[in-house]
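# Observations on the three-dimensional arrangement
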Amino acid sequence: MRKIVVVGMLIGLLAAPTLLWGQTERKVTKLSESVYEIQHAQGGGGNTTVIIGDRQVFVVDTCFLPSAAREDIAQIRQWTDKPVSFVLNTHFHNDHNFGNRIYMDAFPAVTIIAEVETKKDMDRFGPGSLMREEKDSYGIQKILQKMLETGKAQDGSVLSEDDKKEVREMLVRRPAVIEELRKVKFQSATLTFDHDFSIDIGNREVQVKFLGRGNTSGDAVVYLPKEKIVVAGDLVAHPLPNVLDGYPSEWSQTLQRLAQLDADTIVPGHGPILHDKTYIYLLRDLMQSAVEQMNEKLRQTAPAMFQTIDDVKGSVDLSAFRERFAGNDKDLGAAFDEVAARLVKLVFDEARLR
């Protein structure tokens, strides 16, 4: 199944972020007393963090599938009878916020929080989520069907029988996903912020921070200083970064600020919990290297506006990072190559806007 997990990541990178980044089953982890993290099963969406205070509950990211959000709410009600009073959406990608409506239906007084720019992007893209899925705008169904027809993954490697079975199951699930989305109206944020602030939910301080642009223009993080926990959203995704879009030159600086927080537990937007900052520094170095190499190439030739990506992409070499991200894992290495190519294009696109 390893190949299909990586294929799912690639589809997420190259198309929609609604497929899973490596998690095949729902997993709940207790991070601290009354603080939990939920990794959703395939297609459910990004990680959700639940913070329970003496008076209220604070939830970070509401995942994608309504059914997954309902399962999370049922889980929360097993943990506590206190209401979910606050939801924070870390960024606008709908695999982190499409469950908002489910939370509002369950807790009508809930306040849904997002950074100012995130709210703008949510309002722009959120209402069209169903339409994009129905039209297969990201080409997910076409990619999966081609894999079955050819018996090969996108990198040309041969699919095993287990791989083919997983692809068929992905295809079967897609109509069910669309049917779920038809029944839910998109719910945007109800409160925005542009500076750091704190909320006391009852003997527990929750700090909400904007450390700078990175994966999106409005990435927010949640920091629990007493517990030394930071919830990073898609500023950090494991085992590979989410480079669907973003601001690489600023992203590296934002990651540096993130690393300066006194935390020994990091909850990424996708993937397993991290227990030190090694991976954050690796992401920072990857972004910084790509930007520095691109800048040097443009300095020697001409500004990006006078060139194309084909003119410059061969001058940015990120192969030194391949083993650091993928080790000896062939499938993950192939996924890294796709990520690296997309990052180079993202850096070039950013340079053209200067």
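The structure this text deals with has already been given above.
Residues numbered from 1 in each chain as written. Predicted model: local features only at pLDDT ≥ 70, side-chain atom pairs only at ≥ 80, totals over all residues. Heavy atoms only, no water.

### Some points on the overall build of the protein chain
Across its full length, the protein chain carries 12 helices and 12 strands. In summary, the protein chain has a C-alpha radius of gyration of 20 Å against a globular reference of 20 Å for 354 residues, a match within 12%. For the protein chain, the spread of C-alpha atoms along the three principal axes comes to 60 × 45 × 35 Å. Across the 354 residues in the protein chain, those meeting the buried criterion constitute 60%. Residue pairs in contact within the protein chain that sit at least 24 positions apart in sequence constitute 68% of those at least 6 positions apart. A total of about 14900 Å² of accessible surface is found on the protein chain, and carbon and sulfur atoms cover 48% of it. For the protein chain, the distance from the average site of its 44 positive side-chain charges to the average site of its 51 negative ones is 2 Å. (Helix = DSSP H or I, 4+ residues; strand = E, 2+ residues; numbered from the N terminus. Rg over C-alpha atoms; globule rule 2.2 N^0.38 Å. Buried < 20%, exposed > 50% of the residue type's maximum accessible area, 1.4 Å probe, protein only. Contact = heavy atoms within 4.5 Å. Areas by Shrake-Rupley, 256 points an atom, 1.4 Å probe, with all protein chains shown as cover. Lys, Arg positive; Asp, Glu negative; His and termini not counted. Charge placed at Lys NZ, Arg CZ, Asp CG, Glu CD.)

### Focus: the pattern of salt bridges
What the rule picks out here adds up to 24 salt bridges. For Lys120, the salt bridge goes to Glu117, with nearest N and O atoms at 3.3 Å. On the criterion of helical spacing, the pair formed by Lys120 and Glu117 is a turn pair, its members being 3 residues apart in helix H4 (residues 116-125). Here Lys120 falls in the partly exposed class, since its relative accessible area comes to 44%. Here Lys164 makes a salt bridge to Glu161, at a shortest N to O gap of 3.5 Å. Of this pair, Lys164 and Glu161 both sit in helix H7 (residues 161-182), 3 residues apart, which is roughly one turn of the helix. Exposure remark for Glu161: the relative accessible area of 55% places this residue in the exposed category. (Salt bridge = Lys/Arg side-chain N within 4 Å of Asp/Glu carboxyl O.)

### What about the environment of Ala237?
Topologically, Ala237 is positioned in strand S11 (residues 229-237). Residues Ala237 and Pro272, spaced 35 residues apart in sequence, show a C-alpha to C-alpha distance of 8.9 Å.

### Re the side chain of Asn89
Inspection of the secondary structure puts Asn89 in the loop between strand S5 (84-88) and helix H3 (100-106). If we skip the residues at most four places from it in the chain, Asn89 touches Asp61, Thr62, His96, Asn97, Asn100, Ile112, Ile113, Ala114, Thr118 and Met122.

### Concerning helix H12 (residues 330-352)
The first and last C-alpha atoms of H12 sit 34 Å apart over 23 residues, in line with the 33 Å expected at 1.5 Å per residue. Capping the start of H12, Asp329 holds a side-chain oxygen 3.1 Å from the backbone nitrogen of Asp331, two or three residues further along. (Expected span 1.5 Å × (residues − 1). Polar contact = N/O pair within 3.5 Å; in protein donor to acceptor, adjacent residues only side chain to side chain.)

### Some details on the sheet that holds strand S12 (residues 265-270)
Read from one edge to the other, the open sheet built from 5 strands follows the order S8-S9-S10-S11-S12, with strand pairing classed as mixed. Looking along the sheet, the strands with just one partner apiece sit at the ends: strand S8 (197-200) and S12. Recorded for the sheet is a direction-independent mean angle of 25 degrees between the axes of neighbouring strands. Docked against the sheet, helix H8 (residues 248-259) engages strand S10 (221-224) and S11, running at close to 165 degrees with respect to S11. (Pairing = 2+ DSSP bridges. Axes fitted to C-alpha atoms, helices over the stretch in contact; angles between N-to-C directions.)

### Quick word on the packing of aromatic side chains
Overall, the coordinates contain 8 aromatic pairs when judged by the stated rule. Measuring from ring centre to ring centre gives 5.9 Å for Phe64 and Phe98, while their planes differ by 50 degrees; the resulting arrangement is tilted. Here the residue Phe64 occupies a position in the loop between strand S4 (57-60) and helix H2 (66-79), and Phe98 occupies one in the loop between S5 and H3, the gap between them amounting to 34 residues. Comparing Phe64 with Phe98 shows no difference in burial state: the two are buried. Counting every residue linked through ring pairs, the aromatic cluster contains Phe64, Phe98 and Phe186. (Phe/Tyr/Trp six-rings, centres within 6.5 Å; stacked < 30°, edge-to-face > 60°.)

### Topic: the nonpolar core
Ranked by size, the top nonpolar core spans 45 residues in total, and within it Val230, Val236, Leu258, Met294, Leu318, Phe325 and Leu343 carry the most contacts. Looking at this core, the elements that each hand over two or more residues are S10, S11, H8, helix H9 (278-300), helix H11 (322-326) and H12. Among the elements that take part in this core, H12 stands out by supplying 11 residues, more than any other. Each residue touching Val236, except ones within four places of it in the same chain, is listed here: Leu255, Leu258, Pro268, Gly269, His270, Leu274, Tyr279, Ile280 and Leu283. Residues Leu65, Ile73, Val87 and Ile112 belong to the second largest nonpolar core, which totals 30 residues. (Core = buried A, V, L, I, M, F, W, Y, C linked by side-chain atoms within 4.5 Å.)

### A few points about the packing of helix H6 (residues 140-150) against H7
Following both chains from N to C, one finds H6 and H7 inclined at 150 degrees, their axes separated by 10 Å at the closest point. Considering their axes alone, H6 and H7 lie roughly antiparallel with respect to each other. For H6 against H7, the interelement crossing comes out left-handed. Contacts between H6 and H7 involve Ile140, Gln141, Leu144, Gln145, Met147 and Leu148 from the first element and Lys164, Val167, Arg168, Met170, Leu171 and Arg174 from the second. Looking at the contact of H6 with H7 residue by residue, the class counts come to 7 nonpolar, 2 polar and 3 charged. (Parallel < 35°, antiparallel > 145°, perpendicular 65-115°, else oblique. Left-handed = near helix turned anticlockwise from the far one by under 90°. Nonpolar A, V, L, I, M, F, W, Y, C, P; charged D, E, K, R; others polar.)

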